[in-house]
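# Observations on the model geometry
Here is what each chain is made of, one letter per residue.
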Amino acid sequence: MSEISCVRLEDYEEEALYRAVKRQFAALGVQKDLKPGMKVLLKPNLLMKRRPEEFTTTHPAVAGGVIRLLQEWGVSDIVIADSPGGPYSKQLLAGIYRAAGYADLAQRYGVTLNEATGYQEVSRPENDLCKQFHLIDPVLEADYIIDLCKLKTHGMVGLSGAVKNLFGCIPGLMKPELHFRFPEEEHFCEMLVDLCETVRPNLTVVDAVDAMQGDGPSGGSLIHTGMLLAGRNPYDIDLLLCRVIGFDPDRIYTVRSARRRGLSVQSADELKVSGDEVKLFPEFVKPVSHGVDFSTSLPKWFPKSILNHFSSKPKISKKECVGCGKCAESCPAKTIEISNHKAEIHYENCIRCFCCHEMCPVKAIRIKRSRFYRF
């Protein structure tokens, strides 16, 4: 049974975060894993160009606490890397690092921000569903990977935690390709577990100080959860997060898949949690598009065209849309066009992956829920 460490924190004060990380890494015995000369990768959630206080990205103070402790232990080769939404380009990466506070962080601690855009194909034949992935070079070059995820809801998969954060190991616009290959939520989540098994992070740290509820991972609202969580098993971490936010683990398909494959314990009651008592948030708001699927109350023979009519879908506010094209760029089905400086969705080809909602920088795309969901 793997251990998860919990430390309660009221805010992102640097000294408190450093002490929390030090306490957690001691509880988990992390120091014995590390040696001077090792290359350590920190993989935060840097979804898009958002400031730390917008609670969309992993707060840089969390990464700062980890970096400070690693450097005290003699680890000097530390790289911060992510492949956010949109093209995998040096310009995009630099802009997101600046906005999210990581450019200042890297300068302060003398660590490397990855701005190279190389990647390689990796095969793992024992995976259940997806046996090849293209992974960004920093993942393949690392001796030790720390998954620095953010506690958020997610419009397609329900929970953005330890496993979903590793989707940022896929370069740029190859992510929409995987959405298109696996448009069904359950299959997409099976793919995410295959990806996690391919990347195999050594450690996960969850920024659950300020979390996102509702229509995450970018359009939700703030909820102060006041915790830092850490553990070696990313699947156990996500199972615990389900309990924290009151989500049914059977409806979070990454968690369900991990339990089916024997990669995690079967129940949160079996988890060994040390440190502070874990706070629970049963009022945590679920994403509109998740867990309210009208189709689950209908027979399988019911016409798919009617199911699509009643299912949740992205809806563009023409008033708020600025015509930037980020939604069209990220759409795996290529069903969005920009006309007269406004985005337009052709729903006949929409696969309801909500990539457009996720990547809209001005929150002009909302998730529309059918009134028929009362069934």
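Residues numbered from 1 in each chain as written. Predicted model: local features only at pLDDT ≥ 70, side-chain atom pairs only at ≥ 80, totals over all residues. Heavy atoms only, no water.

Counting its regular elements, the chain contains 13 helices and 15 strands. Taking 375 residues into account, the globule formula puts the C-alpha radius of gyration at 21 Å, and the chain, at 20 Å, falls close to it. Across the 375 residues in the chain, those meeting the buried criterion constitute 59%. Sequence-distant contacts in the chain: of pairs separated by 6 or more residues, those separated by 24 or more amount to 76%. (Helix = DSSP H or I, 4+ residues; strand = E, 2+ residues; numbered from the N terminus. Rg over C-alpha atoms; globule rule 2.2 N^0.38 Å. Buried < 20%, exposed > 50% of the residue type's maximum accessible area, 1.4 Å probe, protein only. Contact = heavy atoms within 4.5 Å.)

Another aspect to go through is the packing of aromatic side chains. Applying the stated criterion across every chain yields a total of three aromatic pairs. Here the aromatic rings of F167 and F188 are separated by 5.4 Å at their centres, their planes lie at 80°, and the arrangement is edge-to-face. Of this pair, F167 sits in the loop between α6 (162–165) and α7 (174–181) while F188 is found in helix α8 (residues 185–199), placing the two residues 21 residues apart along the sequence. What makes F188 buried here is its relative accessible area of 0%. With centroids separated by 6.4 Å and ring planes inclined at 80°, the aromatic side chains of F247 and F284 adopt a geometry described as edge-to-face. (Phe/Tyr/Trp six-rings, centres within 6.5 Å; stacked < 30°, edge-to-face > 60°.)

In this section: the nonpolar core. Formed by 79 residues in total, the largest nonpolar core has its most connected members in L42, L70, Y102, I146 and M191. At eight residues, the largest contribution of residues to this core is made by α8. Excluding residues that lie within four positions of it along the chain, Y102 makes contacts with P44, L46, T58, H59, P60, A63, I80, Y97 and L113. Counting 28 residues, the second largest nonpolar core, distinct from the first, contains I237, C242, V255 and L271. (Core = buried A, V, L, I, M, F, W, Y, C linked by side-chain atoms within 4.5 Å.)

Further remarks concern the packing of α8 against helix α10 (residues 253–260). Taken N-terminus to C-terminus, the directions of α8 and α10 make an angle of 60°; their axes are 8 Å apart at the nearest point. It follows that α8 is oblique to α10 by the angle criterion. Once α8 is placed against α10, the crossing between them reads as right-handed. The residues of α10 that touch α8, namely those facing E185, E186, C189, E190, L192 and V193, are Y253, T254, R256, S257 and R260. Across the contact of α8 with α10, the residue classes tally to four nonpolar, two polar and five charged. (Axes fitted to C-alpha atoms, helices over the stretch in contact; angles between N-to-C directions. Parallel < 35°, antiparallel > 145°, perpendicular 65-115°, else oblique. Left-handed = near helix turned anticlockwise from the far one by under 90°. Nonpolar A, V, L, I, M, F, W, Y, C, P; charged D, E, K, R; others polar.)

Here we come to empty space enclosed by the protein. According to the stated counting rule, one finds three cavities of 30 Å³ or more in the structure shown. Roughly 300 Å³ of internal volume is contained in the largest cavity. Mapped onto the lining of the largest cavity, the elements with two or more residues apiece are β2 (39–44), β7 (144–154), α6, α7 and α13 (355–359). In the lining of the largest cavity, the residues fall into nine nonpolar, 11 polar and six charged. (1 Å grid on protein atoms, 1.4 Å probe; cavity = no way out; pocket = protein on both sides within 12 Å on 5 of 7 lines; lining within 4 Å. Points joined across faces, edges and corners; volume = space filled by probe spheres on them.)

Per-residue pLDDT for the chain has a mean of 92; in total, 92% of the residues score no lower than 70. In the predicted structure, residues 291–300 sits below a pLDDT of 50 and forms 11 contacts with residues beyond four places in sequence or in another chain. Below pLDDT 50 for its whole length, residues 371–375 participates in 10 contacts with residues either more than four positions away or in separate chains. (pLDDT = per-residue confidence, 0-100.)

What follows is about α8. The first and last C-alpha atoms of α8 sit 21 Å apart over 15 residues, in line with the 21 Å expected at 1.5 Å per residue. Counting buried residues along α8, 13 of its 15 residues qualify, which places the element largely inside the surrounding structure. Phi turns positive, to about 50°, at R200, one or two residues after α8. (Expected span 1.5 Å × (residues − 1).)

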